[in-house]
Amino acid sequence: MSVQRDASEFRNGSSPVSEAEGQRLDRELAILQSRSLLQSGQLQELADLANFQREALDAAAIVAVTDRAGRITSVNAKFCELSGYSEAELIGANHRILASGAHDRAFFQNLYRTISRGNVWHDVICNRAKCGRLYWVDTTIVPHRDRSGYTAIRFDVTPQKEAEQRLWRLANIDPLTRLANRRRFLELMVTATCKGTPFATAILDIDHFKDINDSAGHHAGDQLLIAVGQALRAELGECDAIGRLGGDEFAVILHDEDGTHLQQRLDGVLAALRRKPVAEMDDCTIHASIGAALFPRDGKDAASLLKSADLALYAAKQSGRGCARRFKPSYREAADQRAGLRTAITHAMERNELFILYQPIVNLVGGQPMAFEALLRWRRADGSIQTPATFGEVFEDEQIAAEIGNFVLTEVLGQIDRWKAEGVPFQWIAINATLGDFRARAFVDRIADAVESGRIRGEQLCIEITEGMLLDRGARAVRDAVDRLNALGVEIAFDDFGTGFASLTHLRQLPINHVKIDRSFIEAICVEGKDRVIVESVIDLAHRLGLKVVAEGVEQAAQARLLRRLECDSIQGFLIAPALTEALATDFVRRDIAC
């Protein structure tokens, strides 16, 4: 019997309920009916909302449901679209079908431990699509309350992740060689030292790279750098780290290396480089120098370890290049001595302890004024006088070399002024230039000002260069400076001729006026042998090229007579005179005129 019927019966008097009570019941009945309709509408709204949210989630997110064993039981269309797998391929499969190999075991152990405890897990996962493409998804895995499985909600963050990776590569990877850059390599060094296990680090420098880069072009230089990187990757183990510190300098971390096989491994790297072909440079053989140091013996942190390796690299270069040297404590002692010497020479310039002497260069033919070579000397606090042979290492510091060169040039220009004013005849005064002089530019600029202003004539000054300056960094600056000086009429002399490897090439390429035969060839010239043949050949070659020849280190009259017969143009040495002060050099010229 319905409630409505019962109520009507009550109203018809079939029940002892009063009319007022019936009206009350009618009102309550209406309220119940209204509430029922309202709840029914709310339930429908909730259902509609749930459907909308599910559709919105499907449209925006990548959704998958798995059972407790990890088998996929449901996926939405976006999951299939991104992964490249069909729904049929995915249902019943394990999520390992998407494994990319980008995450280690610990990553997944943490994931499964979290969700198995009923907790929500969230992180970014790298997956591999069916086609092999990697993609990244921001993932939240929610355990079901009934413990029946898990729902994974993912959002594709591949564009953001790829942008992050591009930024990381820009900050950490050398774009040319694809190796770690200096910043990244230092991070790897710090990581290696924090582990505390022994390892070796080595710094590699390509021999004469600047000369190759300048002569063959920057593209060829780039190909050479790429080839070095490839050779290092091929030669070293996968666990070893390789980086390009800058320019032609590379560095490596050799893990699990206690020094037992270090020299053998370094020699193997050099041999691999020599075998490595360079693209577009068929006749190029890669030569390099290496310095290595061991952790923790040679340095307990990244900075000190690299410093030790750099000192060993310096020793390798000083040993003739093309070799590998392991750090020794004596290298640090020598570096400290060099640093002390640089400080001392700086103070010497401040205290005016440097001065110039002039050694005569006499013409064997006669009829021409003598020339001079300006020679630097250092009067120490104890009164001793030192030649550059005892402090030549300071010239490796280009700033100090430039400052000394500026001092020498000032003295020589002043000497030319005074001899001109006093009427002292001379052919020219020669200055031994350094790489620092040419890289500073001020050296050549000052000479140009002196010539262009009429203060001196270009031919009153001679600049002596050595072959070493043309085979190392800054070779282009040297060539440009020599061309500019030649245009000004300044004499150019090739000093220590015959002691290098490519002198003939430079005689052909550079505007040389004079060739100076090194004293080492003159010492035994009077003995029938190879030195005499070499000297005779050099004189003949130079004359055929239209060059003048100066023989250095002439100390015996027999040497002078033989050089005259060989038609050498000029001689210089103790037979003529040692290096003289300005006053003695002036008297020497005047006595020569009087004779």
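Preceding block: the structure.
Thresholds applied
Residues numbered from 1 in each chain as written. Predicted model: local features only at pLDDT ≥ 70, side-chain atom pairs only at ≥ 80, totals over all residues. Heavy atoms only, no water. Helix = DSSP H or I, 4+ residues; strand = E, 2+ residues; numbered from the N terminus. Buried < 20%, exposed > 50% of the residue type's maximum accessible area, 1.4 Å probe, protein only. Contact = heavy atoms within 4.5 Å. Areas by Shrake-Rupley, 256 points an atom, 1.4 Å probe, with all protein chains shown as cover. Pairing = 2+ DSSP bridges. Axes fitted to C-alpha atoms, helices over the stretch in contact; angles between N-to-C directions. Arc of directions from axis to C-beta. Core = buried A, V, L, I, M, F, W, Y, C linked by side-chain atoms within 4.5 Å. Salt bridge = Lys/Arg side-chain N within 4 Å of Asp/Glu carboxyl O. Phe/Tyr/Trp six-rings, centres within 6.5 Å; stacked < 30°, edge-to-face > 60°. Lys NZ or Arg CZ within 6 Å of the ring centre and 35° of its normal.

### Details of the overall build of the protein chain
Each helix and strand counted, the protein chain has 22 helices and 19 strands in total. By the burial criterion, 43% of the 595 residues in the protein chain qualify as buried. Put simply, of all contacts in the protein chain between residues at least 6 apart along the chain, 60% involve residues at least 24 apart. Put simply, the protein chain shows about 31200 Å² of open surface, and 51% of that area lies on carbon and sulfur atoms.

### Comments concerning unusual backbone geometry
In this structure, P296 follows F295 across a cis peptide bond, with omega equal to 5°. Topologically, P296 is positioned in the loop between β9 (288-295) and α11 (302-318). One non-glycine residue, H208, lies in the positive phi region at around 55°. The class for H208 is partly exposed, based on a relative accessible area of 31%. A positive phi is found at R321, a non-glycine position, where the angle reads about 70°. Its place among the elements puts R321 in the loop between α11 and β10 (324-326). The exposure class assigned to R321 is partly exposed, which follows from its relative accessible area of 22%.

### Structural notes on the sheet that holds strand β7 (residues 241-246)
The strand order β7-β8-β6-β9-β10 describes an open sheet built from five strands, whose pairing is mixed. Each edge of the open sheet is held by one strand with a lone partner, namely β7 and β10. For this sheet the average axis-to-axis angle between neighbouring strands, irrespective of direction, equals 20°. Direction of pairing for β9 relative to β10: parallel, over a ladder of three bridges. Residue pairing across strands places G291 opposite R325, the latter belonging to β10. Strands β6 (199-206), β8 (249-255), β9 and β10 of the sheet are contacted by helix α10 (residues 262-275), whose axis makes an angle of about 155° with β9. α11 rests against β6, β8, β9 and β10 of the sheet, and its axis sits at about 145° to β9.

### Focus on helix α21 (residues 557-565)
Among all positions of α21, only Q559, A560, L562 and L563 are buried. Along the axis of α21, the buried positions cluster into a sector of 165°, meaning they face one direction only. Pointing more than 90 degrees away from the buried face of α21 are the exposed residues R561 and R565. Elements in contact with the buried residues of α21: α19 (519-522), α20 (530-544), β18 (548-551) and β19 (570-571). Just downstream of α21, E567 is the residue with a positive phi angle, here 65°.

### Examining the nonpolar core
Soluble globular proteins: nonpolar side chains tend toward being buried together. Counting 78 residues, the largest nonpolar core has F438, L461, I463, I465 and L563 as its most contacted members. Among the elements that take part in this core, helix α14 (residues 398-422) stands out by supplying eight residues, more than any other. Excluding its chain neighbours within four sequence positions, the residues that come into contact with I465 are F438, L470, V482, I492, A493, F494, D495, L510 and I512. Counting 32 residues, the second largest nonpolar core, distinct from the first, contains A200, F209, L254 and L270.

### Re the side chain of T434
Along the polypeptide, T434 turns up in the loop between β14 (429-432) and α15 (435-440). Among the residues examined, T434 registers a relative accessible area of 15% and is labelled buried. In contact with T434, other than residues within four places in its own chain, are F395, A401 and M469.

### Topic: the pattern of salt bridges
Within this structure, the stated rule accounts for 21 salt bridges. Between E459 and R457 there is a salt bridge, with the nearest N and O atoms lying 3.0 Å from each other. Residue class for E459 comes out partly exposed when judged on its relative accessible area of 36%. When its relative accessible area of 47% is taken as the criterion, R457 is described as partly exposed.

### What about the sheet that holds strand β4 (residues 134-143)?
Across the sheet, which stays open at both edges, the five strands sit in the order β2-β1-β5-β4-β3 with antiparallel pairing between neighbours. The strands lining the two open edges of the sheet, one partner per strand, are β2 (72-75) and β3 (121-128). In this sheet, adjacent strand axes meet at a mean angle of 30° when their direction is disregarded. Examined bridge by bridge, strand β1 (residues 62-67) and β2 share three bridges and lie antiparallel to one another. Paired with A64 across the bridge in β2 is V75. Of the strands in this sheet, β4 and β5 (149-156) are in contact with helix α6 (residues 158-172), which crosses β4 at around 125°.

### Observations regarding the packing of aromatic side chains
The description of an aromatic ring pair rests on the distance of the ring centres and on the angle between the ring planes. Inspection of the entire model under this criterion finds 10 aromatic pairs. An angle of 80° between the planes, with centres 6.1 Å apart, marks the rings of F438 and F443 as edge-to-face. With respect to burial, F438 and F443 carry one shared label: buried. Looking at R379, its charged tip hangs above the ring of F355, at a distance of 4.3 Å from the centre. Over the ring of W378 we find R380; its NZ or CZ atom is 3.9 Å from the centre of that ring.

### A closer look at the pairing of strand β15 (residues 461-465)
Where a strand is regular, its side chains alternate between the two sheet faces. Burial runs high along β15: five of the five residues are buried. The alternating pattern of β15 places L461, I463 and I465 on one face and C462 and E464 on the opposite face, and all of these are buried. Relative to β15, β14 runs parallel, the two sharing four bridges. Residue pairing across strands places N432 opposite E464, the latter belonging to β15. Note that β15 and strand β16 (residues 491-497) share four bridges and pair parallel. Its bridge partner being in β16, E464 is matched across the sheet by A493.

### Looking at the environment of A88
Mapping A88 onto the fold places it in helix α4 (residues 87-90). Considered as a pair, A88 and V75 are 13 residues apart in the sequence and their alpha carbons are 9.8 Å apart.

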